[in-house]
Amino acid sequence: MRRVGVCERQFEELIDRIKMGDLEAENELFEAFKVVERVQVMINARVQVAREDKNDLIAEVLQALILGLRNGRFEPSKGPFGSYLWGIARNKIRDYFRRCKNRKTSTLMEEPIAKSNTDSSIYREEKNALIQMKVDSLEDKYRDVVKMKYFEELPVSEIAIRLNLIPKQVYNRLNYSIRLLRNAY
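Below, the structure is looked at part by part. Note that this is a predicted model, so its numbers are computed, not measured.

## Some thoughts on the packing of aromatic side chains
(1) Moving on: Per the stated rule, a full pass over the model turns up eight aromatic pairs.
(2) Moving on: Judged by centre distance (4.9 Å) and plane angle (50 degrees), the rings of Phe 33 and Phe 81 are tilted. Of the two residues, Phe 33 sits in helix H2 (residues 23-33) while Phe 81 sits in helix H5 (residues 81-102), which places them 48 residues apart along the sequence.
(3) Moving on: Take Phe 81: its relative accessible area is 2%, and that puts it in the buried class.
(4) Moving on: Where Phe 74 meets Tyr 84, the ring centres are 5.1 Å apart and the plane angle is 45 degrees; that geometry is what we call tilted. You can see Phe 74 sitting in the loop between helix H4 (51-70) and H5 and its partner Tyr 84 sitting in helix H5, a full ten residues away along the chain. This pair shows no difference in class: Phe 74 is buried, exactly as Tyr 84 is.
(5) Moving on: Taken together, Phe 11, Phe 33, Phe 74, Phe 81 and Tyr 84 form an aromatic cluster joined through their ring pairs.

## A few points about the environment of Glu 152
(1) Moving on: Residue position: Glu 152 is located in the loop between helix H7 (140-151) and helix H8 (156-163).
(2) Moving on: You can call Glu 152 partly exposed: its relative accessible area is 47%.
(3) Moving on: The residues contacting Glu 152, other than those within four sequence positions of it, are Lys 147 and Arg 162.

## Comments concerning the pattern of salt bridges
(1) Moving on: For the structure shown, the criterion picks out eleven salt bridges.
(2) Moving on: Residues Arg 99 and Glu 60 are paired through a salt bridge, measuring 3.0 Å at the closest nitrogen-oxygen approach. Of this pair, Arg 99 sits in helix H5 while Glu 60 sits in helix H4, and the two are 39 residues apart along the sequence.
(3) Moving on: Taking the relative accessible area as the measure of exposure, Arg 99 reaches 34% and is therefore partly exposed.
(4) Moving on: Ionic pairing is found between Arg 143 and Asp 140, a salt bridge with its closest N-O pair at 2.0 Å. Within this pair, Arg 143 and its partner Asp 140 are both found in helix H7, separated by three residues, close to a single helical turn.
(5) Moving on: Accessibility expressed as a relative area gives 17% for Arg 143, which makes it buried.

## Here's the deal with the nonpolar core
(1) Moving on: Grouped together as the largest cluster of nonpolar side chains are 32 residues, with contacts concentrated most on Val 35, Leu 65, Leu 69 and Phe 81.
(2) Moving on: Contributing elements (two or more residues each) for this core: helix H1 (8-19), H2, helix H3 (35-46), H4 and H5.
(3) Moving on: Examining the composition of this core, we find that nine residues originate from one element, H5, more than from any other.
(4) Moving on: Here Val 35 is in contact with Leu 29, Phe 30, Leu 62, Leu 65, Phe 81 and Leu 85, once residues within four sequence places are set aside.
(5) Moving on: In terms of nonpolar packing, the next biggest core, distinct from the first, is built from nine residues, Val 145, Leu 154, Val 170 and Leu 174 among them.

Rules used in this analysis
Residues numbered from 1 in each chain as written. Predicted model: local features only at pLDDT ≥ 70, side-chain atom pairs only at ≥ 80, totals over all residues. Heavy atoms only, no water. Phe/Tyr/Trp six-rings, centres within 6.5 Å; stacked < 30°, edge-to-face > 60°. Helix = DSSP H or I, 4+ residues; strand = E, 2+ residues; numbered from the N terminus. Buried < 20%, exposed > 50% of the residue type's maximum accessible area, 1.4 Å probe, protein only. Contact = heavy atoms within 4.5 Å. Salt bridge = Lys/Arg side-chain N within 4 Å of Asp/Glu carboxyl O. Core = buried A, V, L, I, M, F, W, Y, C linked by side-chain atoms within 4.5 Å.

Structural measurements only, silent on function.
Structure follows, in structure tokens:
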């Protein structure tokens, strides 16, 4: 994570001050690293839920970050601050989905609140058509893997057998396909 206007020594001093309970040091760190903005981007890119839930998740990440810094869980010598922040965000996102799964609710892709069932079905049809168009625009080797995994709901092992690939190749193609679809969407 690029440090804006903070050298290595100043950064370590900020961390030490935070460990001692200096609230001003926390504010300086958040400003220098644009922490809130980065967490918002992380959450928005990976979680598709209602705005209130995203805000709650962002608050959880920021709270865990501050507590971790105060309790000395981050050591600059062990790795970059960005990796530490990403680890906290990733864990909080996982926790969020586990909680939702335990509540038996689907939170992977919530539909926006529609004014009527007609609006909702029109939105869903448009979204599905757009996704299908983007999938169809992929190269054959990527399109086949995506269709087998997400439309036919085949396990990776079965896809590997059908395409005469090893499972690692299937995972690689899936990951690359998803990246292409995200960039196109």
